[in-house]
Structures are given as structure tokens and as C-alpha cells.
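The chain contents come next:
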Amino acid sequence: MTTESRDRELGMYRKITRRDFLDGAAMAIGSVALGLHVPGAPGRANALPAYPPALNGLRGDQERVFEFAHKLRDGKSWETLGTIEEDPESYDLIVVGAGISGLAAAYFYRKHKGNGARILILDSHDDFGGHARRNEFEVSGRVLLANGGTQSIESPGEYSKVAKSVLKDLGIDVQKFYQDYDEKLYANLGTGCYFDKETFGADKLVAGMGTTPWNEFLAKTPLSAAVQKDTARLFTDKKDYLAGKSKAQKIALLKSMSYAEFLTKHCGALPESLPFFQKYSHDLFAAGIEAISAYGCYSNPDDYGSFAYAGFDGLGLGKPEKEEPYIFHFPDGNATVARLLVRQLIPGSIPGNTMEDVVTAKADYSMLDAAENAVRIRLGSTAVNAKQNHTPRSAQSVSVAYARDGELHRVKSKHCVLACYNGMVPYLCPELPARQKEALRYCVKAPFIYTHVAIRNWEAFQKLGIHQIMAPGGYHSFVALDFPVSMGEYKFPSKPEEPAVLFMLRTPCSPGAPRRDQYRAGRYELLSAKFESIERNIREQLQKMLGEAGFDAARDIEAITVNRWAHGYAYEYDSYSDRDLPPGPRPNVIGRAPFGNITIANSDSAARAYTDAAIDEAWRAVAELPGTGS
């Protein structure tokens, strides 16, 4: 079959709901047609923005987001990017980054200074929330929601007092999720594993992973008899592979080696068995098992409950401490947290007053940067410089330059919080001490794609007896029906004949390279990828996985949203991949030091890719501003 014929069979040329090719040359054309605010697009300065959550196609980090930032990275001075226009307004606080940490910084600043504090929040994207992005679909007259990034409020019982107080003030009652999240819906549906021909010699989906006895499950796979036997042994033998060592010695040893090394060197795994395990660590670490410590894998079992790491049961270490159930999930993920912050910062921007009614409320984007607001959110605005103003006869202040609509602007404020990607801070503030800039560059964000596919129904999953699929060799390594949560007027599609949303995860890696280099290579891959290529991979993979159960990619796919996050998860340290770090303060601690009236927030500053970290770092950054400490 020719490529063109296969594309038609997969539905590549079929019109699907609001496919918006917002990459390359099509970006400006499509955005103008949609009324979308695009930096650099001629004549668009007064254009009303589109409704970003409903846009499909390539979302997340788009080319226009990086245009000016990459010029700074490549050595260009921000002052050479155009003629500087001085904004007439001045502010008490300018926040760079409208993610949860940036929005929380504005929230904390107002708590300290009062509701009359003048705050400007700048963000290079066309939507607020950072990775806490909302995806909306309309299928057969029904609105379906999904998270474009940050998934859940993980383990809220472990949140700091500060973070808990923010959730409470926003009206978030985590106890309600025990009722709203349907933990029984998928009770009779298990996990499948998809073996692709390129990696394993045949395309085959096998149901029952983690529930069927391993010998029986593996016997149905295309793995060789030797690999089947070896893999079953790794999962079922309760052998102490580190016998003779104390618990402390075992933990130290697990921290010093990769999980791949533990499997081969200590558990005696065949090298041919490793491809089955290779992507187990992708979901949490965005890197393969050769780059992550064995202890990191042992202590971080997956959130989805089926991808157990083999080899640890006989070590006598016990099970990792059980966290709270992974159910604290709004229908649009933690986009709801961002939306509740915006609702409080800009009254009237999102109607309602509860955690339930915000789920179905439509944000009024025309209000975000209204002149009468005490807090203004200016989207499509890339910060390019933040500089202390040292004039002997005036109060100390900060000037922030940003690019918008292809033009340079400069605006002044008393204080500034940089709640953006910390790796960008050295380019925004070249006056920072050299040691601090070096530290800020250390923590490389993990790249990933969160793809959401709206489908006509989920009957194929019901027929196969599964609700999620692991794909150790697939383009997307994990596929699942979305979280079954209903809240307020939003009702999850609980019947197989109803339209639904699939979640698909891709974390591009370069196996064998150091972890941070893998992230850099993965970022390059994502930024180079075109939507057409990603869509083809989506359709091909879903067809091969689900086709035997009646799924037809050309007929059943209604819409695709690819949330491309080239700068994704905040970097988290690992005892193996960061083993060469010298003793003393970690890079994130050195990097977040205040610089006069400029402080640094974002979850990068905590080296933890979690919502509570973003909130806590915002609180710290505001407290470090002169005159606001607590």
C-alpha cells in the first residue's frame, strides 16, 4: 500500500473538528482567520483573541512562543530586536509567566499589598495556566474536557500550610473528589500492552497486563520464549538480589546504579528483555530505565497502578509509602486551579463562585488585559529583559522589556517576579552573578507531548476489556481513557457508546545519552515535528492497537489536540543521573536567590514538577521582595 493510500485509510485527509495547523507558515494565516492574537502578525494589535481552550491541532509550545527567546539564547541583544516603545503605565509588580506559580505570585502579592495593588502578568503563550492548560472538544453537541498539561492535585494531604491555604481560599475541597471521581467505572477493565512490529517483530495488543498471571500473559506476546521466561522470572521470583547487605547498603546501592543496570547486573536479566521495560520510567521521569536510578524506580511506583517495576519484591525493603489515591483530578486537570486564580485576580473574567461551576464556565479573554483591571494578564507577550533601575534620586524599581505583535515594549514596576522557565532567567537578567546563572542553566526541563484525541465512542476499549494501554515501543508510550470524573454540570461519558477523550503520552528520548542531554535532544525533536507527522503516528498507532475491536481511525477520530511541551516538567534530581553534583546547595537553590527587586519563582526553583511546589515557590519569591517579607 502506498503512503498516500494508507493516509486515506487512516483518515489523514478527512475533515475533523477544528483542526488548526498552528505551526510553520500556516500559523499566521490560520490565526488571522480565527482572530487569534499572534505576536508578529501584521495588523493584529487590536484583534480580539480566539477562545484558546477550544483550539485543536498543535498546541502547547508553538513556534511563535520561542521566536524572541531563542534569539536571546543565540546571543542577540534584546535591544537589537526592534524600536523600544515605553508603556505609559507603571505597576507595583510585574510577573513574568502566567502559569500557576506566576498567578500564585500575583495572588500572594495582593494578599500582602491589598486588592488595589497594580499587577501586570506577562506570558508568551496565547493562554494562561502554563502547563496547567485546558483542552475543550465538542463532539455530537457534547462538550468534553481534558488537561493540556498538569494533571492532578497529587497527595494534597502532604501540601504545605501555604499551599493548603490557597486551595481553601479558592474554594477547592479535595474531599469532594472521593464522590466526583468514579473509581468503579473501570473496575472491570484492565491494562493492555501493545507490542509493535518494529520493536518486537509483530503488532499485537495483549490484555490483562498486571492481572493475568505473568506466564499466561507473556505467552500471548510476540516475545521469544527465552524473553518470556526471563521476564516472568523477574516479576514472580521473590529473590533477594542484593543478599548479604543491610537495608541501608541496599538503598545506597540502588541509588548508585540505573534500573537497567540493576536488572542486568544483579537480577541477571537478559539484554533482550530490556525493551519491554525500557519506557516504564517515561511517565514520571521522561527518560528510559538506563538514565534513572534503580532507587528512583523502586520509590516511585506508577500513578496508574499497573506498571510494577520488577526485581524489588525480594529485597526486604517493603513497599514504598502509600500515597493518597490518584483521584484529585478536575475534568480539565489543574487548569481549574489556574482558572480559579484568574477568577479571583480579575473579577468577572470567569463567571461563578464555586469549584464546581468553574468547570463549565467560559472565560472572557477580552477582560484579561482590560485597562480598568488592578491585575492585568497580557498574553502573547515574551519578556526579553528585566533590569534593576539604580537612580540615586528615585526609589529603586525594575524595568521589564517584552515583545508583542513584533514590537518591543518596556514597562516599569516596583517589583518583579520571574515565574518563567528558570533556564531563561540568565538571558533576561544578564547582570546576575555568574555562579547563579550557571546554576539556573543546570536544570533542563523534560520535554513531552500530552495528546488528547476525541473519539465517537469507546466501545473498542469495552470489547477489549481494557481502559489503558502500555506501548513499550510505540510513538506514544501510554494510551488511556480519560479520568472518570464528573463535577457540577459536567458529566463524564460513562457509557461505551458515548463520545470520549483519549490521553496519549510521548516523551522523546535518546537512550544511552546522559539524562539532561536526552532532554535537549527530545526538545529539538519536538520543536522540529510538524502536526501532520504527529497526527499520522497517532492514527497509525490507534488503528493498530484497537482495529481488531472495530475501531476505525478514519471514522472514529473527531478531533486531535497535541499539547507539545518542549520545556515541560521541572527538572527533578536523581541520585544516579545527578551523581556528579558536588556537595552543598543544589543548583535550584543557588539559582533562585533574589536579585534586588527581582525574585524567582516557578516549580523549577523547587526542582519538583508539582502544583504545590509552584505555589510554595511563588510564596517564597513574593516574601523575598523588599518590603513584602513575612
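Structure: above.
Residues numbered from 1 in each chain as written. Predicted model: local features only at pLDDT ≥ 70, side-chain atom pairs only at ≥ 80, totals over all residues. Heavy atoms only, no water.

Our next topic: the overall build of the chain. For the chain, the helix and strand inventory stands at 24 helices and 17 strands. The C-alpha atoms of the chain give a radius of gyration of 25 Å, which matches the 25 Å a tight globule of 630 residues would have. Considering the chain as a whole, with its 630 residues, one finds that 60% of them fall into the buried category. Within the chain, contacts between residues separated by at least 24 positions form 73% of all contacts whose residues are at least 6 apart in sequence. Accessible surface computed for the chain: about 24700 Å², of which carbon and sulfur atoms make up 51%. Taking the average location of the 74 positive side-chain charges in the chain and that of its 77 negative ones, the two points are 3 Å from each other. (Helix = DSSP H or I, 4+ residues; strand = E, 2+ residues; numbered from the N terminus. Rg over C-alpha atoms; globule rule 2.2 N^0.38 Å. Buried < 20%, exposed > 50% of the residue type's maximum accessible area, 1.4 Å probe, protein only. Contact = heavy atoms within 4.5 Å. Areas by Shrake-Rupley, 256 points an atom, 1.4 Å probe, with all protein chains shown as cover. Lys, Arg positive; Asp, Glu negative; His and termini not counted. Charge placed at Lys NZ, Arg CZ, Asp CG, Glu CD.)

Further remarks concern the packing of aromatic side chains. Evaluated as defined, the whole model comprises 33 aromatic pairs. Between Phe-277 and Tyr-280, the ring centres sit 5.5 Å apart and the planes meet at 50°, which makes this aromatic pair tilted. A single burial state applies to Phe-277 and to Tyr-280, both of which are buried. Arranged with centres 4.7 Å apart and planes meeting at 55°, the rings of Phe-448 and Tyr-450 form a pair that is tilted. Here the two residues Phe-448 and Tyr-450 agree in accessibility, since each one is buried. Of note, Arg-515 hangs over the ring of Tyr-571, and the distance from its end group to the ring centre comes to 4.3 Å. Over the face of the ring belonging to Tyr-576 we find Arg-579, whose NZ or CZ atom lies 4.2 Å from the ring centre. (Phe/Tyr/Trp six-rings, centres within 6.5 Å; stacked < 30°, edge-to-face > 60°. Lys NZ or Arg CZ within 6 Å of the ring centre and 35° of its normal.)

Bringing the pattern of salt bridges into the picture now. In this structure the tally under the stated criterion is 39 salt bridges. As a salt-bridge pair, Asp-126 and Arg-59 come within 2.9 Å of each other at their nearest N and O atoms. Of the two residues, Asp-126 sits in the loop between strand E3 (119-122) and strand E4 (134-139) while Arg-59 sits in strand E1 (residues 57-60), which places them 67 residues apart along the sequence. On the basis of relative accessible area, Asp-126 is assigned to the buried category, the value being 8%. The exposure class assigned to Arg-59 is buried, which follows from its relative accessible area of 2%. Several salt bridges converge on common partners, so that one network encompasses Asp-87, Glu-89, Asp-369, Arg-376 and Arg-378. (Salt bridge = Lys/Arg side-chain N within 4 Å of Asp/Glu carboxyl O.)

Moving on to the environment of Val-417. Position of Val-417 among the secondary structure elements: in strand E11 (residues 407-418). Under the relative-accessibility criterion, Val-417 is labelled buried at 0%.

Another aspect to go through is the sheet that holds strand E6 (residues 190-195). Ordered by their spatial adjacency, 8 strands build an open sheet running E1-E16-E12-E15-E14-E13-E6-E7, and the pairing between neighbours is mixed. Taken across any chain shown, the strands that pair with only one partner, and hence form the sheet edges, are E1 and strand E7 (204-207). Across the sheet, the axes of successive neighbouring strands diverge by a mean angle of 20°, strand direction being ignored. Both strand E12 (residues 446-455) and strand E15 (residues 500-506) contribute to a ladder of 7 bridges, which runs antiparallel. Bridging across to E15, Ile-449 finds its partner in Arg-506. (Pairing = 2+ DSSP bridges. Axes fitted to C-alpha atoms, helices over the stretch in contact; angles between N-to-C directions.)

As a further point, take unusual backbone geometry. Leaving glycine out, the prevailing phi sign among residues is negative, and the prevailing peptide bond configuration is trans. Even without being a glycine, Ser-140 presents a positive backbone phi close to 55°. Looking at the element boundaries, Ser-140 is found in the loop between E4 and strand E5 (142-147). The phi angle at Ala-286 is positive, at roughly 60°, despite the residue not being glycine. With respect to the element layout, Ala-286 can be found in the loop between helix H13 (282-285) and helix H14 (294-298).

This part covers the environment of Arg-376. Tracing the sequence through the fold places Arg-376 in strand E8 (residues 375-378). Each C-alpha atom, one on Arg-376 and one on Ile-121, is 6.1 Å from the other, the two residues being 255 residues apart in sequence. Non-local contacts of Arg-376, meaning those with residues more than four positions away in its chain, are made with Glu-89, Tyr-91, Arg-118, Ile-119, Leu-120, Ile-121, Leu-368, Asp-369, Ala-370 and Ala-371.

Locating Arg-339 in the fold gives a position in helix H15 (residues 335-345). With relative accessibility at 2%, the residue Arg-339 sits in the buried group. Polar side-chain contacts of Arg-339 include one of 2.5 Å to the backbone oxygen of Ala-361. (Polar contact = N/O pair within 3.5 Å; in protein donor to acceptor, adjacent residues only side chain to side chain.)

As a rule of thumb, soluble globular proteins bury nonpolar side chains together. In this structure, Ile-121, Phe-128, Ile-172, Phe-330, Ile-377 and Val-417 are the most contacted members of the largest nonpolar core, which totals 71 residues. Sequence-distant contacts of Phe-330, defined by excluding residues within four places in its chain, comprise Ile-153, Ile-172, Phe-177, Thr-336, Val-337, Met-355, Val-359, Val-485 and Met-487. Leu-223, Tyr-259, Ala-310 and Phe-478 belong to the second-largest nonpolar core, a separate cluster that totals 57 residues. (Core = buried A, V, L, I, M, F, W, Y, C linked by side-chain atoms within 4.5 Å.)

Attention shifts here to the state of the cysteines. According to the stated counting rule, one finds 0 disulfides in the structure shown. Unpaired in this structure, Cys-193 has its nearest cysteine sulfur neighbour in Cys-297, at a distance of 17 Å. Sulfur of Cys-429: no disulfide; nearest cysteine sulfur belongs to Cys-416 and is 6.9 Å away. The class for Cys-429 is buried, based on a relative accessible area of 1%. (Disulfide = S-S within 2.5 Å.)

Moving on to helix H18 (residues 434-442). When we look at burial in H18, the residues that qualify are Gln-436, Lys-437, Ala-439, Leu-440 and Tyr-442. Considering only its buried residues, H18 is in contact with helix H17 (425-428), helix H20 (515-528), helix H23 (587-591) and strand E17 (598-600).

What follows deals with the packing of helix H1 (residues 3-10) against helix H21 (residues 531-546). Helices that pack against each other are described as a pair by the angle of their axes relative to one another and the distance between those axes. As a packed pair, H1 and H21 sit with axes 10 Å apart at the nearest point and diverge in direction by 70°. Taken together, H1 and H21 sit at an angle that is classed as roughly perpendicular. With respect to the hand of their crossing, H1 and H21 are arranged in left-handed fashion. Across the interface between the two elements, Arg-6, Asp-7 and Leu-10 of H1 pack against Arg-536, Arg-539, Glu-540 and Gln-543 of H21. A class-by-class count of the residues in the contact of H1 with H21 yields 1 nonpolar, 1 polar and 5 charged. (Parallel < 35°, antiparallel > 145°, perpendicular 65-115°, else oblique. Left-handed = near helix turned anticlockwise from the far one by under 90°. Nonpolar A, V, L, I, M, F, W, Y, C, P; charged D, E, K, R; others polar.)

What follows covers the environment of Leu-254. Among the secondary structure elements, Leu-254 is positioned in helix H10 (residues 247-256). Apart from residues no more than four positions distant in its own chain, Leu-254 is found in contact with Leu-242, Phe-262, Ser-293, Ala-294, Tyr-295, Phe-312, Leu-315 and Leu-317.

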